[in-house]
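One-letter residues, chain by chain:
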Amino acid sequence: MTYSPITIREVTLHRMVMRLKDPFTTSFGTFQDREFFVIEMEDETGAIGFGESVAFLSPWYSEETVESNKHIMEQFLIPLLLESPINHPDEVSKRFESIRRNHMAKSALEGAVWDLYAKRKANPLYKELGGSKQQIEVGISIGIQPTPKELAQVVEGFVNEGYKRIKVKIKPGADYEMLKEVRRHFPDILLMADANSAYTLKDINLLKKLDELDLMMIEQPLAYDDIIDHSKLQTELVTPICLDESIHSLEDARKAVELGSCKIINIKIGRVGGITESKKIHDYCAQQGIPVWCGGMLESGIGRAHNIALTTLPQFVMPGDTAGSSRYWEKDIIQPEVIVENGLIHVPNKPGIGYEVNRQVLEQYRVDKIVRSNKNILA
Ligand SMILES: O=C(O)CCC(=O)c1ccccc1C(=O)O
Ligand SMILES: [Mg+2]
């Protein structure tokens, strides 16, 4: 089948506010309303692709916000996409090279191009990425709880739902005792901690104490933009360090692996600028024997669908944070919703991201809509 280039005719930014079932607390703070952009992209055939930005309202995770996304997408990135046809989604990150960083904005648009590309070929996105798994293992990420007892109760609930891997957010004062209580109730469960940069090398004795708890990994213990101190910390810890916030590109991954700053990498499509860069990091880690897993950013079902497709690649050997829709939302904006059974998601074999967008629910949660089009330009 000959393939014709994609001419993007219209991009719609749906600004969404979805309320999480429960407040989510990290070492940076607590929130319950998730505000983000859904990208809807229409091509010359009328085919439609969807993407999602993972930026938050405030720049606590990285420098990007929903507002910075809006500015960068409207003023710079969308005009670059509308200006000429696209032969392959791998071209998008190259076309965006003149714009520095702003990875979440870039990733949201690139993800919609990938969905559109796969749909035009009537192929599941995961197959276009070279994936082959028909089911993926996922875990659950639990925010900081008020007491160890309450944390153990929350963990028990998710274990009873069939989740096999438990990730617990920690911070100074809510770490060793919290994790020890989980270990007391669940001595053999796959358990990991995510610090979201809450510690420094001054906390080395406390971090070494976590070695007693047989954790799978400790995620991002030190500064969000650090690689060198993590390499010093890893020499002192038995527990493998996993980097999240520190890794924005293949280059960052190479530096972290060469310096021994981590033994595991959490790949997030939005953090690294898109699926194309995610695949490059995946392939590099496969060559280096570094396990990877797919992180989460409290996405709606659209972002969740992209994560599922990426996780079908072979070096994703550890359970990721792509939990089921019902963990987050009373009602998700996709149908069917993402279902987790016994810690597994069955990968949909439908074109593109494999899930349909429920427009009625999308419009219910939508607070603004911005349309950029070149329909008037193209015949
Ligand atoms: O999507 C999820 O279930 C939560 C994943 C998670 O822990 C997270 C959620 C928001 C911002 C940062 C992180 C993180 O992994 O650091
Ligand atoms: Mg993390």
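An unreviewed UniProt entry lists the protein under the name o-succinylbenzoate synthase, from Cytobacillus eiseniae. Recorded in UniProt under Function (unreviewed entry), the annotation for the protein is "Converts 2-succinyl-6-hydroxy-2,4-cyclohexadiene-1-carboxylate (SHCHC) to 2-succinylbenzoate (OSB)." We quote the UniProt Cofactor (unreviewed entry) comment for the protein here in full: "a divalent metal cation".

### Brief notes about the overall build of the protein
Per the secondary structure count, the protein includes 13 helices and 15 strands. The C-alpha radius of gyration computed for the protein amounts to 20 Å, which stays within 12% of the reference 21 Å derived for 379 residues, consistent with globular compactness. By its C-alpha atoms, the protein is 65 × 40 × 35 Å across when sized along the principal axes. Within the span of the protein, comprising 379 residues, buried residues form 61% of the whole. In the protein, the proportion of contacts linking residues at least 24 apart, taken out of those at least 6 apart, comes to 72%. Total accessible area computed for the protein in this model is approximately 15100 Å², and 50% of it derives from carbon and sulfur atoms.

### Side note on the UniProt feature "active site" (unreviewed entry) in the protein
The feature "active site" (unreviewed entry), as annotated in UniProt, sits at Lys-169 and Lys-268 in this numbering. In this fold, Lys-169 is placed in strand E6 (residues 165–169). In this structure Lys-169 comes out as buried when scored by relative accessible area, which is 7%. With near-sequence residues (within four places) excluded, Lys-169 lies in contact with Phe-24, Thr-25, Thr-26, Ser-141, Ile-142, Gly-143, Ile-144, Ala-174, Asp-194 and Asn-196. Here Lys-268 shows up in the loop between strand E10 (264–267) and helix H10 (269–272). Beyond its immediate sequence surroundings of up to four residues, Lys-268 is in contact with Tyr-61, Asp-244, Ser-278, Gly-295, Gly-296 and Met-297.

### A look at the site of ligand 1
Taken together, 17 residues sit near ligand 1, with Lys-167, Lys-169, Asn-196, Leu-298 and Tyr-328 positioned nearest. Between Asp-244 and ligand 1, the recorded distance is 3.1 Å, taken from a side-chain N or O atom to an oxygen atom. When isolated, ligand 1 has an accessible area of 380 Å², and the protein chains bury 100% of it. Partitioned by chemical class, the residues of the shell around ligand 1 number seven nonpolar, three polar and seven charged. Mapping the shell around ligand 1 onto the domain boundaries places at least three of its residues in each of domain 1 (8–123 + 357–373) and domain 2 (127–353).

### Some points on helix H9 (residues 250–259)
Listing the buried residues of H9 in full gives Asp-252, Ala-253, Ala-256 and Val-257. Taken end-on, H9 shows its buried residues confined to a sector of 125 degrees, consistent with a single buried face. Those residues of H9 that are buried lie in contact with strand E9 (241–243), E10 and helix H11 (275–288).

### Thoughts on unusual backbone geometry
Here the residue pair Gln-335 and Pro-336 is connected by a cis peptide bond, since its omega of -10 degrees sits within 30 degrees of zero. With respect to the helices and strands, the residue Pro-336 is situated in the loop between strand E12 (334–335) and strand E13 (344–346). In this model, Arg-101 sits at a positive phi of 45 degrees, which is unusual for a non-glycine residue. Tracing the backbone shows Arg-101 in the loop between helix H2 (90–95) and helix H3 (103–120). Phi angles above zero are rare outside glycine, and Asn-196 is one such case at about 45 degrees. Here Asn-196 shows up in the loop between strand E7 (190–194) and helix H7 (204–209).

### Some remarks on the UniProt feature "domain: Mandelate racemase/muconate lactonizing enzyme C-terminal" (unreviewed entry) in the protein
Within this numbering scheme, the UniProt entry marks residues 148–240 as carrying the feature "domain: Mandelate racemase/muconate lactonizing enzyme C-terminal" (unreviewed entry). Secondary structure within residues 148–240 divides into 41% helix and 13% strand; the distance between the first and last C-alpha atoms comes to 23 Å.

### Comments concerning the coordination of the magnesium ion (ligand 2)
All of the protein donors around the magnesium ion (ligand 2) are Asp-194 (OD), Glu-219 (OE) and Asp-244 (OD); their distances to the metal are 2.1 to 2.3 Å. Donor residues binding the magnesium ion (ligand 2) come from one chain and are separated in sequence as D-x24-E-x24-D. Of the two residues, Asp-194 is situated in strand E7 and Glu-219 in strand E8 (residues 218–219); the sequence distance between them amounts to 25 residues. Across the pair, exposure class does not vary: Asp-194 and Glu-219 are buried alike.

### Side note on the packing of helix H1 (residues 66–82) against H3
H3 packs onto H1 with a crossing angle of 45 degrees between their chain directions and a minimal axis gap of 10 Å. Taken together, the axes of H1 and H3 lie oblique to each other. Crossing of H1 over H3 shows right-handed handedness. From H1, Asn-69, Ile-72, Met-73, Leu-77, Ile-78 and Leu-81 reach across to H3, where they touch Met-104, Ala-105, Lys-106 and Leu-109. Its residues assigned to classes, the contact of H1 with H3 shows eight nonpolar, one polar and one charged.

### What to know about the side chain of Asp-194
On the basis of relative accessibility, which here comes to 0%, the residue Asp-194 falls in the buried class. Polar side-chain contacts of Asp-194 include one of 3.1 Å to the backbone nitrogen of Asn-196. Setting aside its immediate chain neighbours within four residues, Asp-194 contacts Lys-167, Val-168, Lys-169, Ile-170, Glu-219, Gln-220 and Asp-244.

### Side note on the state of the cysteines
Scanning all chains against the criterion turns up zero disulfides. Unpaired in this structure, Cys-242 has its nearest cysteine sulfur neighbour in Cys-262, at a distance of 7.2 Å. By relative accessible area, which is 0% here, Cys-242 ends up buried. Cys-285 takes part in no disulfide bond, and the closest cysteine sulfur to it belongs to Cys-262, at a distance of 7.3 Å.

Calculation criteria
Residues numbered from 1 in each chain as written. Chains lettered and ligands numbered in written order. Predicted model: local features only at pLDDT ≥ 70, side-chain atom pairs only at ≥ 80, totals over all residues. Heavy atoms only, no water. UniProt positions renumbered as here; feature names shortened; annotations may be inferred. Helix = DSSP H or I, 4+ residues; strand = E, 2+ residues; numbered from the N terminus. Rg over C-alpha atoms; globule rule 2.2 N^0.38 Å. Buried < 20%, exposed > 50% of the residue type's maximum accessible area, 1.4 Å probe, protein only. Contact = heavy atoms within 4.5 Å. Areas by Shrake-Rupley, 256 points an atom, 1.4 Å probe, with all protein chains shown as cover. Near = heavy atom within 4 Å. Polar contact = N/O pair within 3.5 Å; in protein donor to acceptor, adjacent residues only side chain to side chain. Nonpolar A, V, L, I, M, F, W, Y, C, P; charged D, E, K, R; others polar. Domains from an automatic or database assignment. Arc of directions from axis to C-beta. Donors = N, O, S within 2.8 Å, 3.2 Å for Na, K, Ca; no water. Axes fitted to C-alpha atoms, helices over the stretch in contact; angles between N-to-C directions. Parallel < 35°, antiparallel > 145°, perpendicular 65-115°, else oblique. Left-handed = near helix turned anticlockwise from the far one by under 90°. Disulfide = S-S within 2.5 Å.

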